[in-house]
Amino acid sequence: MAKLVAHMRLIAGAVALAFMVALSAPVSAQQPSSVNPTADAVKEQQLLQQLKMIQGRGTIPDVKSYVLEHPVGRDWQEFHNVTLRWIGAIAILGMLAIIIIFYLSCGMVKLESGRSGRTIVRFNAFERFVHWMTATCFIILAITGLNVTFGRPLFASTFGSEAFTTWSEWAKYAHNYLSFPFTIGVVLIFLIWIGGNIPNAIDVEWFKRGGGLFSDDHPPAGHFNGGQKAIYWIVVLGGGTSAVTGYLLLFPFYGTGISGMQLAEVIHATVAMLFIAAMLGHIYIGTIGMEGAFEAMGEGTVDVNWAKQHHRLWLEEEKQRSPKGARAQPAE
Ligand code: HEM
């Protein structure tokens, strides 16, 4: 009898244990459609679809290295190798095409009444220093950044992979280190010129009249016209965005994880392409596009007739400020 009771106890215990195990079994075991990552026959593709990544276990302290496959990385790679190259090519080559067509059809914007022989101070030495420091850094950042996007397909086979690697290494150092003076330049540009760059009704009128670029019309403008204000904001916002996203990439895993860095790269690279295209337009107008413009940033002065033609309101303000033309000086 005692033996029978002992047997029955054993059977009841086993049934209770089986019941508990069934209740505590993983959810996946109750859902035949889901994947059991430890099953021997599991398919890699199925795992990826369900888990969005394949992750294992490791012994080194860097747990990020345990992720073996992460399909979002493939989407990012597709962006980097295909979409971004299209964005860059369309923006930059498109802008170059517009500039060439504009130059061939309209030519240089001339000084209509010739030079007066008297000049007026437009930018002081500090302003010009900040402009050229930022511009130099920008050009090197643009060339070295474009090398990351287009360098390998364009140059690796032409110059050989060893030469391309050496150049790319130096280009990467330049991109990393020049980011600092560039950022300082953008901050200084924001501070020194914000006063003259708040958009107003005069700018709306300036844009409505095409900035006087397509006719002999000369819409009035203050120290900065609508187009220059647009460039100012492109530099401040584009420079600010490329700096923030660039530093997220430069100091990986400090500010954000893998997905954040992928997003940062997408924004950095897209903004960079549009930024480069916009600056090509700026460089054109400041050099061969407009007579007398380069000297404003070169020597810091412009001819009084240039000021009258392009920045009438600013010239009037300057005259009121120093009626005897204290800031105006005869050209040498
Ligand atoms: C101001 C601070 C900036 C910082 C900290 C910065 C940093 C970086 C970093 C770390 C990368 C990734 C490079 C790599 O994958 O090895 C990068 C890529 C790039 N940068 Fe910058 N950058 C800055 C400004 C600029 C500017 C002003 C431009 C454009 C004029 C620019 C254009 C690019 C381009 C085109 C890429 C390549 C994007 C790609 O193909 O993935 N960057 N930058």
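Before any of the text, the structure's been laid out above.
Since the model is a prediction, treat every value here as computed from it, not as a measurement.

Colleague: Hey, could you run me through the coordination of the iron atom of the ligand in this one?
Modeller: Expected angles at a metal are 109.5 degrees for tetrahedral coordination by four donors and either 90 or 180 degrees for octahedral coordination by six donors. Listed as protein donors to the iron atom of the ligand are H175 (NE2) and H268 (NE2); their distances from the metal cover 2.0 to 2.1 Å. In this structure, the iron atom of the ligand is surrounded by six donor atoms whose angles at the metal cover 83 to 179°, and the resulting shape is octahedral. With H175 in helix 6 (residues 161-193) and H268 in helix 9 (residues 258-289), this residue pair connects regions lying 93 residues apart in the sequence. Judged by relative accessible area, H268 falls into the buried class, the value being 18%.

Colleague: What's the story with the nonpolar core in this structure? I'm lost.
Modeller: A general tendency of soluble globular proteins is for nonpolar side chains to be buried together. With 37 residues, the main nonpolar core has I120, F138, F182, W193 and V302 as its most contacted residues. Put simply, the parts of the chain that give this core at least two residues each are helix 4 (71-106), helix 5 (125-159), helix 6, helix 8 (226-250), helix 9, helix 10 (294-298), helix 11 (304-310) and helix 12 (312-321). Apart from residues lying up to four places away in sequence, F182 is in contact with T134, C137, F138, L141, G239 and F275.

Colleague: Hey, could you run me through the site of the ligand in this one?
Modeller: In the vicinity of the ligand, 26 residues are found, and the nearest of them are T149, K172, H175, E265 and H268. The contact in question runs from an oxygen atom of the ligand to an N or O atom on the side chain of H80, over 3.0 Å. For the shell around the ligand, the elements supplying multiple residues, two or more each, are helix 4, helix 5, helix 6, helix 8 and helix 9. If one sorts the elements of the shell around the ligand by residue count, helix 5 sits on top with seven residues. Split by residue class, the shell around the ligand holds 15 nonpolar, nine polar and two charged.

Colleague: Honestly, the pattern of salt bridges in this entry has me stumped. Any pointers?
Modeller: Charged atoms that come close allow side chains of opposite charge to pair. Here the structure, examined in full by the defined rule, presents six salt bridges. Residues R115 and E295 are paired through a salt bridge, measuring 2.9 Å at the closest nitrogen-oxygen approach. Of this pair, R115 sits in the loop between helix 4 and strand 3 (118-121) while E295 sits in helix 10, and the two are 180 residues apart along the sequence. A residue is classified by how much of its surface remains accessible, and R115, at 47% relative accessible area, is partly exposed. Looking at E295, the relative accessible area reads 18%, which means it is buried.

Colleague: Even after reading the chapter, I still don't get a nonpolar patch on the surface, so can you show me in this structure?
Modeller: On the surface, a cluster of nonpolar side chains totalling about 680 Å² of accessible area is made up of I139, I143, L154, F155, F159, W167 and I283. With respect to the secondary-structure elements, I143 resides in helix 5.

Colleague: How should I be thinking about the packing of helix 5 against helix 9 in this particular structure?
Modeller: What describes two packed helices is the angle between their axes and the distance between those same axes. At their nearest, the axes of helix 5 and helix 9 sit 11 Å apart, and the two run at 135° to each other. It follows that helix 5 is oblique to helix 9 by the angle criterion. The hand of the helix 5/helix 9 crossing is left-handed. In contact with H131, F138, A142, L146, T149 and F150 of helix 5, helix 9 contributes M273, F275, I276, M279 and H282. Taken together, the residues of the contact of helix 5 with helix 9 break down into eight nonpolar, three polar and no charged.

Calculation rules
Residues numbered from 1 in each chain as written. Predicted model: local features only at pLDDT ≥ 70, side-chain atom pairs only at ≥ 80, totals over all residues. Heavy atoms only, no water. Donors = N, O, S within 2.8 Å, 3.2 Å for Na, K, Ca; no water. Tetrahedral: all angles 85-135°; square planar, octahedral: opposite > 155°, others 65-115°. Helix = DSSP H or I, 4+ residues; strand = E, 2+ residues; numbered from the N terminus. Buried < 20%, exposed > 50% of the residue type's maximum accessible area, 1.4 Å probe, protein only. Core = buried A, V, L, I, M, F, W, Y, C linked by side-chain atoms within 4.5 Å. Contact = heavy atoms within 4.5 Å. Near = heavy atom within 4 Å. Polar contact = N/O pair within 3.5 Å; in protein donor to acceptor, adjacent residues only side chain to side chain. Nonpolar A, V, L, I, M, F, W, Y, C, P; charged D, E, K, R; others polar. Salt bridge = Lys/Arg side-chain N within 4 Å of Asp/Glu carboxyl O. Patch = residues over 30% accessible without salt bridge, like charges linked within 9 Å, V, L, I, M, F, W, Y side chains within 5 Å. Areas by Shrake-Rupley, 256 points an atom, 1.4 Å probe, with all protein chains shown as cover. Axes fitted to C-alpha atoms, helices over the stretch in contact; angles between N-to-C directions. Parallel < 35°, antiparallel > 145°, perpendicular 65-115°, else oblique. Left-handed = near helix turned anticlockwise from the far one by under 90°.

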